[in-house]
Amino acid sequence: MKVRVAKSAGFCMGVRKAMDTVLDVARGSNVTYTLGPLIHNPQALEMLESRNVYVTKDIDESLQDKTVVIRAHGVPPSAYRKLREAGARIVDATCPKVFRSQGIIKKYFKRGYSIVIVGDRGHAEIDALEGITGNTAIIVENLNDAKKLSHMEKVCVVAQTTLNTSHYREITDEIINHADECHIAETICASTERRQADVRKLAEQTDATVVVGGKSSANTQRLAEISRELGQPTYLIEDPSELDMEELSRYNEIGITAGASTPNWVIQQVVDTIAGYTPVPRKSIVGFLMSLAFLAIEGNFILGAGAVALTYAMCLFMAIPPYPRYFLLSFFYLFPLHTVNKYLEINWNKVVLSERASVVRLYWRILLSIAVISVLISLVTAWYNGAAVFTLVAVSYLLGGLYSIRILPVNWNFRFKRIRDIPGSKDTMIATAWTFATVALPMINHGSFPGISAVIGGAFAFILVFSRATILAIEGIESDKLVGLETIPILIGRQASVRLLYIFNILTASVISVCAVTGLLPYRTFALLLPIIYMLALIRPLIRTGQFFRLYHQVALDTVYFLAGIVAFLFFR
């Protein structure tokens, strides 16, 4: 089946801000509380509990000296007062759009206006807004409520930020008839409007729509309502287990959208499940081939082959004979590092893509056996090449194995208890390990002096691998934050990471060009620009907003290593 994903699907700005705030506060082993559920999504709340973030609804002495985060919906002024009296440390993660609504209500309430709030009675955001008026505001849920309003002298109308825009227009048109003076505040979030516009487009472009999100989420429910009002077959689900694939298989193209509090990894699970579905008659052949493809990619076999291709390229570039033992060493050195750490991440954390996790778990015993054999082969190969090489490989394995393992005790008041807790460690360590395997080990084995070709080759390999790792980290930034991985995008942000990738790749290309023009390296060194140009061409499409990462995107990234090998074969032999 074809799948079309709405560009606006996933966390809105306010939810992302609240999530970032909570995760920043909860770093380390500190217990953190949110006053009410941070967002209306059960998967995200479950993951937050794994990071010692718990929901509390009661404000009492048990919160003394505890950190309490105000969720994106905001809370009434009385809640702030009670928290201060209880001695809690307050961290406010109220959505800026909700803050704006609160400011409008304060302004007009002080001027003597009657306040009408259009939204769902009992919703957390409505309760927070109503509290500003001392609970004197009038709550209007629908057009019938608006028709029952008494006449008012002057009124200010504010909408719940996630309200259906067309319904708000109908209701405000009616409220105007009940007041001498009426100020209509435009407080529906632009993100909400885009999300609702996108679900209308999906109804035009697809045969059925799947709305992903918490069933207690008002904005998610509204997306489903809009879709159904348009006559579109609509399915509201919280996770892939609720999908009726037999029923969905009747449609040629499925549209997927999601509420503002739905994490990207949950949406990706749904995308993978629908796109990868194979009807029963075709499962025996197509399903087997797809499993092989998933295993080759997610089992790191394609990546290992890419390491061999990059090692071949670097050997030829540094004028080192490309002996098979160098290829064996790079493949069997890198394969277990990637395999074991991937499995640890999948097992220790539930933020994973369903297809990828299931394949790795299904074949884990086989992959573990291959990883153990790979370690033995790499150590034997390293020993064959000398004690120095063996020592370097053994030490690097130790560091790689310790990456996700807690080194310092839990009760130590120190943020960095594991190597992976060091900011930016994941991306830089991956790139360093690859540079070590594809450039340093062949050079040390050959007994070469690290000249200009080794320096440029090392920079070239490092940048290619670093770029791949960072792009993957940008794609998984939400899940990485929840599981506590300290990637470059988490450290400096999404946009800064993209700029950094462009700068690093362009700078590396410039250095290579200068070396070729000035004669420091042969003129054919210009050929190394091809893989860098290819990587530069991938950055923008793969990190584009709304672009959900698929396995073929990962293959596109891995292709850069094979391209480097082809370039070396054509120009450096």
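Look a little higher up for the structure.
All figures in this text were calculated on a predicted structure; none of them were measured in a lab.

(A) The arrangement of the overall build of the protein in detail. A tally of regular secondary structure across the protein gives 24 helices and 12 strands. Per-residue burial for the protein yields a buried fraction of 54% across its 573 residues. Accessible surface for the protein amounts to roughly 24900 Å². Of this, 59% is attributable to carbon and sulfur atoms.

(B) Up close: the sheet that holds strand 12 (residues 253–258). Read across the open sheet, the 4 strands follow the order 1-12-10-11; overall the sheet is parallel. Looking at strand neighbours, the two that pair on one side only are strand 1 (2–5) and strand 11 (234–237), the edges of this open sheet. Sheet twist, expressed as the mean angle between neighbouring strand axes with direction ignored, is 25°. As paired strands, strand 1 and strand 12 are joined by 4 bridges and run parallel to one another. Directly across from Arg4, in strand 12, lies its bridge partner Gly255. Running over the sheet, helix 9 (residues 218–229) touches strand 10 (208–212), strand 11 and strand 12 and is turned about 170° from strand 11. Contacts between helix 11 (residues 264–275) and the sheet are confined to strand 1, strand 10, strand 11 and strand 12, with strand 12 contributing the most and set at about 170° to the helix.

(C) Examining unusual backbone geometry more closely. Within the chain, Asp65 stands out as a residue other than glycine whose phi angle is a positive 65°. For Asp65, the location among the structural elements is in the loop between strand 3 (53–56) and strand 4 (67–70). If you check the backbone angles, Ala319 has positive phi at about 60° while not being a glycine. For Ala319, the position within the fold is in the loop between helix 13 (301–317) and helix 14 (324–348).

(D) Layout of a negative patch on the surface. Residues Glu170, Asp173, Glu225 and Glu229 make up a contiguous surface patch of negative charge. Broken down by secondary-structure element, the contributors of at least two residues to the negative patch are helix 7 (165–175) and helix 9. One can find Glu170 in helix 7.

(E) Summary view of the sheet that holds strand 9 (residues 179–184). Overall, parallel pairing links the 4 strands, which are arranged 7-6-8-9 in an open sheet. Looking at which strands have only one partner, the edges of the open sheet turn out to be strand 7 (138–140) and strand 9. Taken pair by pair, the neighbouring strands of this sheet meet at an average axis angle of 25°, ignoring direction. When strand 6 (residues 114–118) meets strand 7, the two strands line up parallel, connected through 3 bridges. In the strand pairing of strand 7, Val116 is matched with Ile138. Helix 4 (residues 96–110) rests against strand 6, strand 8 (152–159) and strand 9 of the sheet, and its axis sits at about 170° to strand 8. Contacts from helix 7 reach strand 6, strand 7, strand 8 and strand 9, with the element oriented near 175° to strand 8.

(F) Structural detail: the packing of helix 13 against helix 19 (residues 452–475). Viewed as axis vectors pointing N to C, helix 13 and helix 19 meet at an angle of 160°, and their least axial separation amounts to 10 Å. On the basis of the axis angle, helix 13 is roughly antiparallel to helix 19. The handedness of the crossing between helix 13 and helix 19 comes out as right-handed. Of helix 19, the residues touching helix 13 (which contributes Leu303, Leu310, Met314 and Phe317) are Ser453, Ile456, Gly457, Phe460, Ala461, Leu464, Val465 and Arg468. Considered class by class, the residues forming the contact of helix 13 with helix 19 number 9 nonpolar, 2 polar and 1 charged.

(G) Examining the packing of aromatic side chains more closely. Overall, the coordinates contain 14 aromatic pairs when judged by the stated rule. Three or more aromatic residues joined by ring pairs form one cluster here, namely Phe301, Phe331, Phe332 and Phe335. Seen from the ring of Tyr108, Arg111 lies directly overhead, with NZ or CZ sitting 5.4 Å from the centre. Positioned above the aromatic ring of Phe569, the side-chain terminus of Arg573 is 3.8 Å from the ring centre.

(H) Fine view of helix 18 (residues 425–446). Given a rise of 1.5 Å per residue, 22 residues ought to cover 32 Å, and the 30 Å separating the end C-alpha atoms of helix 18 matches this to within 8%. For helix 18, the principal kink sits at Phe436 and spans about 40°. The first or second residue beyond helix 18 is Gly447, which carries a positive phi of 75°.

(I) Layout of the environment of Leu149. In this fold, Leu149 is placed in the loop between helix 6 (143–147) and strand 8. For Leu149, a relative accessible area of 11% corresponds to the buried category. Each C-alpha atom, one on Leu149 and one on His178, is 6.7 Å from the other, the two residues being 29 residues apart in sequence. With near-sequence residues (within four places) excluded, Leu149 lies in contact with Ile138, Val140, Ile175 and His178.

Parameters at a glance
- Residues numbered from 1 in each chain as written.
- Predicted model: local features only at pLDDT ≥ 70, side-chain atom pairs only at ≥ 80, totals over all residues.
- Heavy atoms only, no water.
- Helix = DSSP H or I, 4+ residues; strand = E, 2+ residues; numbered from the N terminus.
- Buried < 20%, exposed > 50% of the residue type's maximum accessible area, 1.4 Å probe, protein only.
- Areas by Shrake-Rupley, 256 points an atom, 1.4 Å probe, with all protein chains shown as cover.
- Pairing = 2+ DSSP bridges.
- Axes fitted to C-alpha atoms, helices over the stretch in contact; angles between N-to-C directions.
- Contact = heavy atoms within 4.5 Å.
- Patch = residues over 30% accessible without salt bridge, like charges linked within 9 Å, V, L, I, M, F, W, Y side chains within 5 Å.
- Salt bridge = Lys/Arg side-chain N within 4 Å of Asp/Glu carboxyl O.
- Lys, Arg positive; Asp, Glu negative; His and termini not counted.
- Charge placed at Lys NZ, Arg CZ, Asp CG, Glu CD.
- Parallel < 35°, antiparallel > 145°, perpendicular 65-115°, else oblique.
- Left-handed = near helix turned anticlockwise from the far one by under 90°.
- Nonpolar A, V, L, I, M, F, W, Y, C, P; charged D, E, K, R; others polar.
- Phe/Tyr/Trp six-rings, centres within 6.5 Å; stacked < 30°, edge-to-face > 60°.
- Lys NZ or Arg CZ within 6 Å of the ring centre and 35° of its normal.
- Expected span 1.5 Å × (residues − 1).
- Bend = angle between axes of the 7 residues up to and from the residue.

Coordinates in, geometry out; function isn't part of it.
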